[in-house]
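For reference, the chains in residue letters:
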Amino acid sequence: MTINDEVDLWESWIDKQVIGSQEVNMLYVMGEILADASNGKPLLVKKKIQSTPKELHLEVMPPQFVNKLISEEVFYSEVIDDLDTYNTVVIHNGNQEITYIDEIEILEEL
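Remember, predicted model here, so these are calculated numbers, not experimental data.

Draft legend 1. Region of interest: the confidence of the model for the protein. In the predicted model, the protein carries a mean pLDDT of 85, and 87% of its residues have values of at least 70. With pLDDT under 50 throughout, residues 1–7 is counted as low confidence; its partners more than four residues away or in other chains account for 16 contacts.

Written out as structure tokens, the structure is:
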């Protein structure tokens, strides 16, 4: 079984948040991944090289090579300037693309 076989729910949305006295657009990405329990809790981080405009590339860190299977929720958030900053989110595990989110929901304003 590979990590690709069991990737479960992934979603992405933009919501207005108040940070201090400023209203900002916050992008959220959340999903579940099968992880190696001995590797520590996985995180989603932005890849250093973003190869395609309008695509956000995130990677699972540390990369997961499944030995002992547990389901872990991973989460990413980022303040964005414009609602159309990204139209796609691509999730990577090591050199593998594990999912592609092409629908970023925009929630109602505060």
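Now that the structure has been shown, the text picks up again.
Draft legend 2. Representation of the pattern of salt bridges in the model. In total, this model carries three salt bridges according to the counting rule given. Lysine 46 is paired through a salt bridge with glutamate 78; the nearest N and O atoms lie 3.4 Å apart. Remark: glutamate 78 occurs in strand β5 (residues 69–80) and lysine 46 occurs in strand β3 (residues 43–46); sequence separation between them is 32 residues. Exposure remark for lysine 46: the relative accessible area of 35% places this residue in the partly exposed category.

Each value, and the rule that gives it
Residues numbered from 1 in each chain as written. Predicted model: local features only at pLDDT ≥ 70, side-chain atom pairs only at ≥ 80, totals over all residues. Heavy atoms only, no water. pLDDT = per-residue confidence, 0-100. Contact = heavy atoms within 4.5 Å. Salt bridge = Lys/Arg side-chain N within 4 Å of Asp/Glu carboxyl O. Helix = DSSP H or I, 4+ residues; strand = E, 2+ residues; numbered from the N terminus. Buried < 20%, exposed > 50% of the residue type's maximum accessible area, 1.4 Å probe, protein only.

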